[in-house]
Amino acid sequence: MTSIQKAACIGGGVIGGAWAARFLLGGIDVSMYDPHPEAKRIVGEVLANAERAYAMLTMAPLPPKGRLTFCGSVEEAVAGADWIQESVPERIDLKRNVITEIDRYADPEALIGSSTSGIMPTELQRDMQHPDRMFVAHPYNPVYLLPLAELVGGERTSAETLKRARDRLAPIGMKGVILKKEIEAFVGDRLLEAIWREGLWLIHDDICDTETLDDVIRYSFGMRWAQMGLFETYRIAGGEAGMRHFLAQFGPCLSWPWTKLTDVVDLDDALVDKIAAQSDAQSGARGIRELERIRDENLVGIMQALKAGDGGKGWGSGKVLADFEKRLWAKGGGRKEAPDISQPLRLVDTRVSAAWVDYNGHMTEHRYLQVFGDTSDALLRLIGVDFAYVEGGHSYYTVETHIRHLGEAKLGQGLYARLQVLGFDEKRIRYFTTIHDAQSDEVLATAEQLMLHVSAKAGKSSAAPAEILARLAPIADAHAKLPVPQGVGRSVGQKVV
């Protein structure tokens, strides 16, 4: 079994709620236990932001959302779960007691991950009866968008457990990295702590304020790190001679007095007040949920850009997203029912995201084409032209498109697309697509398109195989009985009657 069937989240704060959102939007039922009186509200708000982010992140068909159940005890929550994620406050005694309780009631084969940001797993598994299945699964916030989880085993964690955990994260769009040894704070937080400590000194010494420091990161090396990390970035800095040249040129800088990493800043009241005041001036005009939504929009944009990297194969977190979407498209969002072919096929439902709008707040022209393209892809999958078919060397290419813009799609607006097949032969499919406002059913745009079946190896058109044509024929026959859609065959500039 390489996928999670049911998850339990023990602790529903910022991290626990975001873990729950990642599972739920991956189609996994989640049982949640958190005694906090506001747990349902907090988790509900996190889930709402996650759903908003996913609507911007991908057009791939998500599976039906999992069911979230709040439970009255750890025992009730972990029943039947095969992945249990502990995300209680960062106190070793509390975490150890909770994990020991989870271990007592969980299925012996269930994986138990801790969201701790620094405690060694050996310390946490001390009192467990089944310590071999416990490990750290340290995520990064927001868990529902950032794909990484550091997987760290303790002295009694089995190597097989870590491999199973890594394999089970992939289907929900996450990348698990297994650390060779356990160490306090793992890898990511050790790097962050070094930057954080240096940053505190820069504020303490009045070198800059918090906004300037953040600007230095986000307008420079932060962008490099987002897609290439540290060592690969510095390898490029070494030019044609590579990393060896970089180390020879810049290595001596390590002995220069550039850092205060070994000198801990005193976070006294004066420094705390200074940092808090500067942070309020920088960001205090926005509430936490608004800041989270802005963060999510920015992360979606970066990941979408990286998805186009390496010739469309994806790069960094964009490749993780591309692989995640490939699985979603292959599964078809869990929808197994056959569509009603007696009517134009409703193949795409989506929402206008912040990344899709122009300065007027309207959906940009190329996003209309994207929706039409996604609808075309949905038709192809319906007749058997899926990823495996394309990887086999054949596909349909769009060779002609005529788009009419009849209305305006605005930020946040729900849309759906319907497609009517107008005709086909062994090489061509001609069809007409309409984009509708999901609330009023108003037609906002139409596209008449022609696709040509091609052989990628031969580099030219070719006849589609009989099994593809056999799936297409019943749809075309049924649609031939429908009225011809208004706008079919209309030339550019022709008056609409």
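This structure is a prediction, so every number in the text was calculated from the model and none was measured.

**Q** Could you give an account of the UniProt feature "domain: 3-hydroxyacyl-CoA dehydrogenase NAD binding" (unreviewed entry) in the chain, naming the residues involved and the relevant values?
**A** The residues that UniProt annotates with the feature "domain: 3-hydroxyacyl-CoA dehydrogenase NAD binding" (unreviewed entry) are residues 6-180. End C-alpha to end C-alpha, residues 6-180 measures 28 Å, and it is 37% helix and 21% strand.

**Q** Please give an account of the nonpolar core that cites residues and values.
**A** One finds W19, F23, W83, F135, Y144, L151 and L169 to be the most contacted residues of the largest nonpolar core, which totals 58 residues. If you count residues domain by domain, this core takes at least three from each of domain 1 (6-186) and domain 3 (334-480). Ignoring any residue separated from it by four or fewer positions in sequence, one finds L169 in contact with W19, W83, A149, L151, M174 and G176. Membership of the second largest hydrophobic core comes to 20 residues, among which are V385, Y389, L419 and A476.

**Q** Account for the packing of helix α7 (residues 188-204) against helix α12 (residues 269-283), naming residues and giving values.
**A** Axis separation between α7 and α12 bottoms out at 10 Å; the angle between their running directions is 95 degrees. As judged from the angle between their axes, α7 and α12 are roughly perpendicular. Where α7 approaches α12, its residues L200, I203 and H204 are matched on the opposing element by L271, K274, I275 and Q278. Here the residues of the contact of α7 with α12 are counted per class, giving 4 nonpolar, 2 polar and 1 charged.

**Q** Break down the sheet that holds strand β8 (residues 175-178) for me, citing the residues and quoting the values.
**A** The strand order β3-β2-β1-β4-β5-β6-β7-β8 describes an open sheet built from 8 strands, whose pairing is mixed. With one partner strand each, in any of the chains shown, β3 (68-70) and β8 form the two edges of the open sheet. Along the sheet, successive strands turn relative to each other by an average axial angle of 25 degrees, direction set aside. When strand β5 (residues 111-114) meets strand β6 (residues 134-139), the two strands line up parallel, connected through 3 bridges. Opposite I112, over in β6, you have M134 as the bridge partner. Contacting β1 (6-10), β4 (83-86), β5 and β6, helix α4 (residues 92-105) runs over the sheet at an angle of about 165 degrees to β4.

**Q** Before we move on, can you summarise the packing of helix α8 (residues 210-218) against helix α9 (residues 221-228) with the specific residues and values?
**A** Contact pair α8 / α9: the axes reach a minimum separation of 4 Å and the direction vectors enclose 45 degrees. For the element pair α8 / α9, the angle class is oblique. Between α8, through V216, I217 and R218, and α9, the contact on the second element is made entirely by F221, G222 and M223.

**Q** Give a detailed account of the environment of D29, specifying residues and quantitative values.
**A** In this fold, D29 is placed in strand β2 (residues 29-33). Overall, D29 belongs to the partly exposed group, its relative accessible area being 26%. Once the C-alpha coordinates of D29 and D437 are considered, the two residues, 408 residues apart in sequence, prove to be 31 Å apart. In this structure, D29 is in contact with Q5, K6, A7, G66 and R67, ignoring residues within four places of it in sequence. Here R67 takes part through its backbone nitrogen, which lies 2.7 Å from a polar atom of the side chain of D29.

**Q** Describe the state of the cysteines, with residues and values.
**A** Summed over all chains, the structure comprises 0 disulfides. Left without a disulfide partner, C71 is nearest to the cysteine sulfur of C9, which lies 11 Å away.

**Q** Give me the lowdown on the UniProt feature "binding site: NAD(+)" (unreviewed entry) in the chain, citing residues and values where you can.
**A** The UniProt record marks G11, G12, G13, V14, I15 and G16 with the feature "binding site: NAD(+)" (unreviewed entry), using the residue numbering of this structure. Mapped onto the elements, G11 comes out in the loop between β1 and α1 (14-25). Once you skip the residues sitting within four places of it in the chain, G11 turns out to touch G16, G17, M32, Y33, D34, S87 and V88. In this structure, G13 sits in the loop between β1 and α1. Residue classification places G13 among the partly exposed residues on the basis of a relative accessible area of 28%. With sequence-adjacent residues up to four places away left out, G13 is seen in contact with A18 and D34.

**Q** Please give an account of a negative patch on the surface that cites residues and values.
**A** A cluster of acidic residues, D266, D268, D269 and D273, forms a negative patch on the protein surface. Secondary-structure assignment places D273 in helix α12.

**Q** Account for the pattern of salt bridges, naming residues and giving values.
**A** By the definition in use, this model includes 26 salt bridges. Here D127 makes a salt bridge to R126, at a shortest N to O gap of 3.0 Å. For D127, a relative accessible area of 37% gives the class partly exposed. A relative accessible area of 49% places R126 in the partly exposed class. D206 serves as the salt-bridge partner of K274, at 2.7 Å between the closest nitrogen and oxygen. Linking K274 in helix α12 with D206 in the loop between α7 and α8, this pair joins segments that are 68 residues apart in sequence. Salt bridges here are not isolated pairs; linked through shared partners, they connect E38, R41, E45, R289 and E292.

Calculation notes
- Residues numbered from 1 in each chain as written.
- Predicted model: local features only at pLDDT ≥ 70, side-chain atom pairs only at ≥ 80, totals over all residues.
- Heavy atoms only, no water.
- UniProt positions renumbered as here; feature names shortened; annotations may be inferred.
- Helix = DSSP H or I, 4+ residues; strand = E, 2+ residues; numbered from the N terminus.
- Core = buried A, V, L, I, M, F, W, Y, C linked by side-chain atoms within 4.5 Å.
- Buried < 20%, exposed > 50% of the residue type's maximum accessible area, 1.4 Å probe, protein only.
- Domains from an automatic or database assignment.
- Contact = heavy atoms within 4.5 Å.
- Axes fitted to C-alpha atoms, helices over the stretch in contact; angles between N-to-C directions.
- Parallel < 35°, antiparallel > 145°, perpendicular 65-115°, else oblique.
- Nonpolar A, V, L, I, M, F, W, Y, C, P; charged D, E, K, R; others polar.
- Pairing = 2+ DSSP bridges.
- Polar contact = N/O pair within 3.5 Å; in protein donor to acceptor, adjacent residues only side chain to side chain.
- Disulfide = S-S within 2.5 Å.
- Patch = residues over 30% accessible without salt bridge, like charges linked within 9 Å, V, L, I, M, F, W, Y side chains within 5 Å.
- Areas by Shrake-Rupley, 256 points an atom, 1.4 Å probe, with all protein chains shown as cover.
- Salt bridge = Lys/Arg side-chain N within 4 Å of Asp/Glu carboxyl O.
- Lys, Arg positive; Asp, Glu negative; His and termini not counted.
- Charge placed at Lys NZ, Arg CZ, Asp CG, Glu CD.

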